[in-house]
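The residues making up each chain are set out below.
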Amino acid sequence: MFAPPIQRLVAEFAKLPGVGQRTAQRLALHVLRGTDEDARALATAISEVKAQIRPCEVCFNLTDTPVCRICSDARRDPTVICVVEDAADVVSLERTHEFHGRYHVLGGALSPLDGVDPDDLHLPELYRRLRGGEVRELIVATNPTTSGEATALHLARELRSVAPQVRVTRLAAGLSVGADLEYTDEVTLGRALLGRREL
Amino acid sequence: MKYGEADRILHVFTPELGRRSVIARGARKPRSKLGGRLEPPSHVELELHEGRGDIATVTGATTLAALPRLRERLDAIDAAMHACDDVDRLFGDGEAHPPIFHLLVNHLRGLDQDPAAATIGRQLAFRLKLLLGAGIAPELGACARCGAAGPLTAFSGADGGLLCSGCEHSGFRIDPALPDVMRAALGSSLAEAPLPAPFVARQFDRAVTDLALHHLGAKLRGLQIDG
């Protein structure tokens, strides 16, 4: 129906996560209707991100420099490391403005059934950072999913021998702000009860 | 499996419909009414909407057993997820297997009641009972090839059980303890499953995975057996 160049663009957009054929068509037509400058800017942004972005040599966060801005920021507390599954989780935690330490991006979560073993994660690099002796606390901020919990338990077990001096903590689990108790699932509510704090 | 912005595609196993793939829209949003209830492994009652496609949509979920204690131990999580994966691999879409459903629920609830019960013996016994439920009854009393009473010195998945010394060339050699361990695993409850030595457990696991592969075309993942 469309000329081959449009079909190619539609096919490329349709490869993006959450983008179906119709949305891909809409995006392609939007690009077509826009100015040449907009289209060039989009193409340049895509090629630049592929060419310039790489994992931080220390924490594996995404960066355009060898060491990311967080790791090279002297104001960040080097004694606390927050472990996350994915670079997108760093963005979420940074938005809270509550954490002033540094990060370590694992690159996934343990899931033996999906073939993700400890060797597939950036765990040896984390252990090396902890052996340095500077870190006092490790906050495990993996997702509260089965694989996220398995990763947290694995980390806690390994750290008892790798870095016994490091305090290992886990993000609190419980109710989200604005949630309704009536509709909250039993595991979440149970954990919220266990993790209750004094007022 | 994550799908789209905030949806999840799940494999569920039901007593009446067997295995089904369902989609839970918005399940990954923090305020979703479904999210926490659909985190595997869970025993839940689902309300499904059958649309035009193959995948039904989850419209409601009620927790029957949240299995919270199971999630606090790595070995219990591992045992539970292996059990779910085994069922997923052995049983096709739309095949109703109520006994298998109850075996799985019993296993998961047992792991939750006593997460320390996630022994390799229990996992192997579950796998053997699962095969039995799938219609594979291995020959554990005599040679599967010639019918000789013994001594039974090998196992062959292709032949369907233990082999005598005269027929052992078509199987792999086993420890003399394996026949008794397998028989005891089949004859006892999961909670009372025998705990074999690591090398016997590895042979047990190989026997079960060979049986599943040869007779059901299913490739079960090997269990992690330490020691």
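Residues numbered from 1 in each chain as written. Chains lettered and ligands numbered in written order. Predicted model: local features only at pLDDT ≥ 70, side-chain atom pairs only at ≥ 80, totals over all residues. Heavy atoms only, no water.

A closer look at the overall build of chain B
Part 1 of the reasoning: In terms of regular secondary structure, chain B is built from 5 helices and 8 strands.
Part 2 of the reasoning: Beginning at the N terminus, the succession of helices and strands in chain B can be written as β-β-β-β-β-α-α-α-β-β-β-α-α.
Part 3 of the reasoning: Taking the principal axes of its C-alpha atoms as reference, chain B extends roughly 65 × 40 × 25 Å.
Part 4 of the reasoning: Of the side-chain charges in chain B, 26 are positive and 27 negative, and the distance between the mean point of each set is 5 Å. (Helix = DSSP H or I, 4+ residues; strand = E, 2+ residues; numbered from the N terminus. Lys, Arg positive; Asp, Glu negative; His and termini not counted. Charge placed at Lys NZ, Arg CZ, Asp CG, Glu CD.)

What to know about helix α1 (residues 74-90) of chain B
A turn of α-helix holds 3.6 residues, and therefore any two residues three or four places apart point the same way.
Part 1 of the reasoning: With 17 residues, α1(B) extends 24 Å from end C-alpha to end C-alpha; this agrees with the ideal 24 Å at 1.5 Å per step.
Part 2 of the reasoning: In terms of burial, α1(B) is largely enclosed, as 12 of its 17 residues are buried.
Part 3 of the reasoning: For α1(B), the complete set of buried residues consists of B:Leu74, B:Ala76, B:Ile77, B:Ala79, B:Ala80, B:Met81, B:His82, B:Ala83, B:Asp85, B:Asp86, B:Val87 and B:Leu90.
Part 4 of the reasoning: Where α1(B) is buried, its residues meet α6 (146-162) of chain A together with β2 (7-14), α2 (98-113), α3 (120-133) and α5 (198-216) of chain B. (Expected span 1.5 Å × (residues − 1). Buried < 20%, exposed > 50% of the residue type's maximum accessible area, 1.4 Å probe, protein only. Contact = heavy atoms within 4.5 Å.)

Re the interface of chain B and chain A
Part 1 of the reasoning: Counting residues at the interface gives 21 residues for chain B, matched by 22 residues for chain A.
Part 2 of the reasoning: Buried area between chain B and chain A, summed over both chains or domains, comes out near 1,800 Å², and the portion from carbon and sulfur atoms is 60%.
Part 3 of the reasoning: Our count for the chain B to chain A interface comes out at 1 salt bridge.
Part 4 of the reasoning: Between B:Arg37 and A:Glu186 there is a salt bridge, with the nearest N and O atoms lying 3.8 Å from each other.
Part 5 of the reasoning: The interface formed by chain B and chain A contains 5 residue pairs in polar contact (both at pLDDT 80 or more). (Buried area = accessible area lost by both parts, 1.4 Å probe. Salt bridge = Lys/Arg side-chain N within 4 Å of Asp/Glu carboxyl O. Polar contact = N/O pair within 3.5 Å; in protein donor to acceptor, adjacent residues only side chain to side chain.)

Here's the deal with the packing of aromatic side chains
Residue and element names in this part refer to chain B.
Part 1 of the reasoning: Per the stated rule, a full pass over the model turns up 3 aromatic pairs over all chains.
Part 2 of the reasoning: The interplanar angle of 50 degrees and the centroid separation of 6.1 Å between the aromatic rings of phenylalanine 13 and phenylalanine 91 together place this pair among those described as tilted. Of this pair, phenylalanine 13 sits in strand β2 while phenylalanine 91 sits in the loop between α1 and α2, placing them 78 residues apart in sequence. Side by side, phenylalanine 13 and phenylalanine 91 carry an identical accessibility label, which is buried. (Phe/Tyr/Trp six-rings, centres within 6.5 Å; stacked < 30°, edge-to-face > 60°.)

Points about the environment of B:Leu103
Residues and elements named next belong to chain B.
Part 1 of the reasoning: Inspection of the secondary structure assignment puts leucine 103 in helix α2.
Part 2 of the reasoning: When its relative accessible area of 14% is taken as the criterion, leucine 103 is described as buried.
Part 3 of the reasoning: Along the chain, leucine 103 and leucine 190 lie 87 residues apart, while their C-alpha atoms are 9.3 Å from each other.

A short note on the domain arrangement of chain B
Part 1 of the reasoning: Considered domain by domain, chain B is made up of domain 1 (2-65) and domain 2 (135-227).
Part 2 of the reasoning: On a C-alpha basis, the centroid separation for the pair domain 1 of chain B and domain 2 of chain B is 37 Å. (Domains from an automatic or database assignment.)

A look at the environment of A:Cys68
Part 1 of the reasoning: Here A:Cys68 shows up in the loop between β2 (62-63) and β3 (80-84).
Part 2 of the reasoning: Through-space distance from the C-alpha of A:Cys68 to that of A:Ala39 is 29 Å; in sequence the pair is 29 residues apart.

With respect to the pattern of salt bridges
Pairing is possible between side chains that carry opposite charge, provided their charged atoms lie close to one another.
Residue and element names in this part refer to chain B.
Part 1 of the reasoning: Under the defined criterion, the tally for this structure stands at 22 salt bridges over all chains.
Part 2 of the reasoning: With a shortest N-O distance of 2.8 Å, arginine 183 and aspartate 180 are connected by a salt bridge. Placement of both arginine 183 and aspartate 180 in helix α4 (residues 178-187) is noted, with a separation of 3 residues, approximately one turn of the helix.

A few points about the sheet that holds strand β6 (residues 167-170) of chain A
Residues and elements named next belong to chain A.
Part 1 of the reasoning: In spatial order, the strands read β4-β3-β5-β6; together these 4 strands make up an open sheet with parallel pairing. This sheet does not close on itself; its edge strands, each paired only once, are β4 (102-105) and β6. Looking at each pair of strands side by side, their axes are set apart by 25 degrees on average, direction ignored.
Part 2 of the reasoning: Sheet analysis places β3 next to strand β5 (residues 137-140), joined by 4 bridges and oriented parallel. Paired with valine 80 across the two strands is glutamate 137, which belongs to β5.
Part 3 of the reasoning: Across the sheet, α6 is in contact with β3, β5 and β6; its angle to β6 comes to roughly 170 degrees. (Pairing = 2+ DSSP bridges. Axes fitted to C-alpha atoms, helices over the stretch in contact; angles between N-to-C directions.)

Some details on the nonpolar core
Part 1 of the reasoning: If you look at the biggest cluster of nonpolar residues, it comprises 60 residues, and the most contacted ones within it are B:Val87, B:Leu90, B:Phe126, B:Leu130, B:Phe155, B:Met182 and B:Phe204.
Part 2 of the reasoning: It is α1(B) that contributes the most residues to this core, 9 residues altogether.
Part 3 of the reasoning: Residues A:Leu123, A:Leu130, A:Val135 and A:Val166 belong to the second largest nonpolar core, which totals 18 residues. (Core = buried A, V, L, I, M, F, W, Y, C linked by side-chain atoms within 4.5 Å.)

Structural notes on the packing of α2(B) against α3(B)
All names here are of chain B.
Part 1 of the reasoning: Remark: α2 packs on α3, axes separated minimally by 10 Å, with the N-to-C direction vectors making an angle of 170 degrees. In terms of their interaxial angle, α2 and α3 are classed as roughly antiparallel. Seen from α2, the contacting residues are Ile100, Leu103, Leu104, Asn106, His107, Gly110 and Leu111; seen from α3, they are Arg122, Phe126, Lys129, Leu130 and Gly133.
Part 2 of the reasoning: Tallied by class, residues from the contact of α2 with α3 come to 6 nonpolar, 4 polar and 2 charged. (Parallel < 35°, antiparallel > 145°, perpendicular 65-115°, else oblique. Nonpolar A, V, L, I, M, F, W, Y, C, P; charged D, E, K, R; others polar.)

Some remarks on the sheet that holds strand β7 (residues 161-164) of chain B
Residues and elements named next belong to chain B.
Part 1 of the reasoning: With antiparallel pairing, 3 strands are arranged side by side in an open sheet as β7-β6-β8. Both outer strands of the open sheet, β7 and β8 (172-173), are each paired with one neighbouring strand and no more.
Part 2 of the reasoning: Sheet topology note: the strand β6 (residues 152-156)/β8 ladder contains 2 bridges and is antiparallel. Within the sheet, the bridge partner assigned to phenylalanine 155 lies in β8 and is phenylalanine 172.

Some details on empty space enclosed by the protein
To find the voids left in a structure, one rolls a probe of water-molecule size over its atoms.
Residues and elements named next belong to chain B.
Part 1 of the reasoning: Applying the stated criterion across every chain yields a total of 1 cavity of 30 Å³ or more.
Part 2 of the reasoning: Roughly 30 Å³ of internal volume is contained in the largest cavity.
Part 3 of the reasoning: For the lining of the largest cavity, the elements supplying multiple residues, two or more each, are α1 and α3.
Part 4 of the reasoning: Among the elements that line the lining of the largest cavity, the one with the most residues is α1, at 4 residues.
Part 5 of the reasoning: Grouping the constituent residues of the lining of the largest cavity by class yields 4 nonpolar, 3 polar and 2 charged. (1 Å grid on protein atoms, 1.4 Å probe; cavity = no way out; pocket = protein on both sides within 12 Å on 5 of 7 lines; lining within 4 Å. Points joined across faces, edges and corners; volume = space filled by probe spheres on them.)

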